[in-house]
Amino acid sequence: MILVVGGAFQGKYKFANEKLNIRDGWADGDDCQFSDICRCRAIQHFHRYVKRAMESHYDLTGLAAKLREKNPDITILTNELGSGVVPADQFDRMYRDELGRVCEELAAEADEVYRVICGIGMIIKKKAAD
Amino acid sequence: MIHLITGGVGSGKSGYAEQQIVELGDGERIYLATMAAKDDESRMRIEKHRERRRGLNFTTIEKPTRLGEVEVPAGSNVLLECVSNLLANEMFMPGQSGIHSVNAVIDGIEHLDRQCANLVIVTNEVFSDGVQYGNMTHIYMEFLGLINQHLGRMSDLVTEVVYGIPVPVKRPGHPEVSL
């Protein structure tokens, strides 16, 4: 599993295309179901999937463990969004917390984690080969 | 040589950027200021930055838009501060570049780069608060992200400053994806 994080508009998708060489097999957090995430090669806008899942009261507990079982080679692109003022809206606060929690699980699960800034990816975690 | 410096507000990126110019040595130092002195708050910010540069021998050029019109001395070391302000001016000041602001900013910076010896560029991280802004702010963020990506590609060095600590993002001789 590979996790690619970064602020909005930093070029995460381009980075995954060009540097991780993922040209096809993309799901999009804007419209995909969990079953799509289980069989895609990679997903972009993962944060929007989390938001939609929460809006329909879908339980995201154990998501990282489920993916390890069903799609261990997935690459996940997500915005980092924890660096703002506490939102006034309760749902926005819960969304921010929940995305952080899910991404923490994914990062723990991932073999590699990249952080993209100004289009440049820095590897911030690499699991030692077994 | 181009050095792109990014970081949040109050990260210490301006001080770090000035230090980078000073370390380049005795070449003529140009400070290209993009903030328009339109009210008391901007005047105060400008004064704060001026105070810090005092004694560092910078010649200041104030140019809130259209960097394509700026002439700097050949071989000079230029500090451009900052891209986020420049973009806001191009986008929102009447009669400026509007929807064509991405190209206007990039072309202006390339125009500077052709004239000077070294260019240090300060930009801004505004991308990680997760807030859904209104249309124009969303477009502004997208434009700044596109510009930052382009500048990241054309720069020799990229640094993110965190509370005064420079975190190297891109360095010559190192692969872009590095641990």
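From a predicted model like this one, the values you see are computed outputs, not experimental measurements.

Engineer: Any chance you could break down helix 3 (residues 46-55) of chain A for me, citing the residues and the numbers?
Structural biologist: Considered for burial, the residues of helix 3 of chain A that qualify are Phe46(A), His47(A), Tyr49(A), Val50(A), Ala53(A) and Met54(A). Projection of helix 3 of chain A onto a plane perpendicular to its axis shows the buried side chains occupying an angular sector of 155°, all on one side.

Engineer: Tell me about the sheet that holds strand 2 (residues 26-28) of chain A, and please be specific about residues and values.
Structural biologist: Residue and element names in this part refer to chain A. Taken in spatial order, the six strands of this open sheet run 2-3-4-1-5-6, and their pairing is mixed. Where the open sheet ends on each side, the last strands, each with one partner, are strand 2 and strand 6 (120-126). On average, adjacent strands in this sheet sit at an angle of 20° to one another, irrespective of strand direction. As paired strands, strand 3 (residues 42-44) and strand 4 (residues 75-79) are joined by two bridges and run parallel to one another.

Engineer: Quick rundown of unusual backbone geometry? Include the residues and the values.
Structural biologist: The omega angle of the peptide bond from Glu81(B) to Cys82(B) is -10°, so this bond is cis rather than trans. Within the chain, Cys118(A) stands out as a residue other than glycine whose phi angle is a positive 55°. One can find Cys118(A) in the loop between strand 5 (112-117) and strand 6. Of note in the backbone geometry, Arg66(B) takes a positive phi value of approximately 50° without being a glycine. Classification of Arg66(B) as partly exposed rests on a relative accessible area of 36%.

Engineer: If you had to explain the sheet that holds strand 4 (residues 77-81) of chain B to someone new, which residues and values would you point to?
Structural biologist: Residues and elements named next belong to chain B. An order of 3-2-4-5-1-6-7 is seen for the seven strands of this open sheet, with the pairing classed as mixed. A strand with exactly one partner marks an edge of an open sheet, and here the two such strands are strand 3 (58-62) and strand 7 (165-170). Across the sheet, the axes of successive neighbouring strands diverge by a mean angle of 20°, strand direction being ignored. In the packing of helix 1 (residues 13-23) onto the sheet, the strands contacted are strand 1 (2-6), strand 2 (29-33), strand 3, strand 4, strand 5 (118-122), strand 6 (157-162) and strand 7, and the crossing angle to strand 1 comes to about 165°. The strands touched by helix 2 (residues 40-53) within the sheet are strand 2, strand 3 and strand 4, with strand 3 carrying the most contacts at an inclination of about 160°.

Engineer: Account for the layout of surface pockets, naming residues and giving values.
Structural biologist: Quantified by volume, the second largest pocket comes out at close to 770 Å³. What lines the second largest pocket is a set of 34 residues, and nearest its centre among them are Ala8(A), His47(A), Arg48(A), Asn79(A) and Gln132(B). Put simply, the parts of the chain that give the lining of the second largest pocket at least two residues each are helix 1 (12-18), helix 3, strand 4 and helix 5 (90-109) of chain A together with helix 5 (135-154) of chain B. Sorting elements by how many residues they give to the lining of the second largest pocket places helix 5 of chain B first, with six residues. For the lining of the second largest pocket, the class distribution of residues is 13 nonpolar, 11 polar and 10 charged.

Engineer: Give a detailed account of the interface of chain B and chain A, specifying residues and quantitative values.
Structural biologist: Facing 26 residues of chain B, the contacting portion of chain A comprises 24 residues. In total, about 2,000 Å² of surface goes out of reach between chain B and chain A, with carbon and sulfur atoms giving 65% of it. Our count for the chain B to chain A interface comes out at one salt bridge. Close ionic contact of Glu160(B) with Arg115(A) constitutes a salt bridge, the shortest N to O distance being 3.1 Å. If you look at where chain B meets chain A, you find three residue pairs in polar contact (both at pLDDT 80 or more). Those elements giving two or more residues to the side of chain B that touches chain A turn out to be strand 1, helix 5, strand 6 and strand 7 of chain B. Examining the composition of the side of chain B that touches chain A, we find that nine residues originate from one element, helix 5 of chain B, more than from any other. Residues belonging to the side of chain B that touches chain A are distributed by class as follows: nine nonpolar, 10 polar and seven charged.

Engineer: Which residues make up the environment of Thr137(B), and what values do they have?
Structural biologist: Residues and elements named next belong to chain B. Looking at the secondary structure, you find Thr 137 in helix 5. Since its relative accessible area comes to 34%, Thr 137 is described here as partly exposed. Residues Thr 137 and Leu 4 lie 133 residues apart in sequence; the distance between their C-alpha atoms is 23 Å.

Engineer: How would you explain the packing of helix 4 (residues 63-70) of chain A against helix 5 of chain A if you had to name every residue and give the values?
Structural biologist: Residues and elements named next belong to chain A. Running from amino to carboxyl end, helix 4 crosses helix 5 at an angle of 40°, the nearest separation of the two axes being 8 Å. When the axis of helix 4 is compared with that of helix 5, the two are oblique. Between helix 4 and helix 5, the residues in contact are Leu 63, Ala 64, Leu 67 and Arg 68 and Val 102, Glu 105, Leu 106 and Glu 109, respectively. Grouping the amino acids of the contact of helix 4 with helix 5 by side-chain chemistry returns five nonpolar, no polar and three charged.

About the cut-offs
Residues numbered from 1 in each chain as written. Chains lettered and ligands numbered in written order. Predicted model: local features only at pLDDT ≥ 70, side-chain atom pairs only at ≥ 80, totals over all residues. Heavy atoms only, no water. Buried < 20%, exposed > 50% of the residue type's maximum accessible area, 1.4 Å probe, protein only. Helix = DSSP H or I, 4+ residues; strand = E, 2+ residues; numbered from the N terminus. Arc of directions from axis to C-beta. Pairing = 2+ DSSP bridges. Axes fitted to C-alpha atoms, helices over the stretch in contact; angles between N-to-C directions. Contact = heavy atoms within 4.5 Å. 1 Å grid on protein atoms, 1.4 Å probe; cavity = no way out; pocket = protein on both sides within 12 Å on 5 of 7 lines; lining within 4 Å. Points joined across faces, edges and corners; volume = space filled by probe spheres on them. Nonpolar A, V, L, I, M, F, W, Y, C, P; charged D, E, K, R; others polar. Buried area = accessible area lost by both parts, 1.4 Å probe. Salt bridge = Lys/Arg side-chain N within 4 Å of Asp/Glu carboxyl O. Polar contact = N/O pair within 3.5 Å; in protein donor to acceptor, adjacent residues only side chain to side chain. Parallel < 35°, antiparallel > 145°, perpendicular 65-115°, else oblique.

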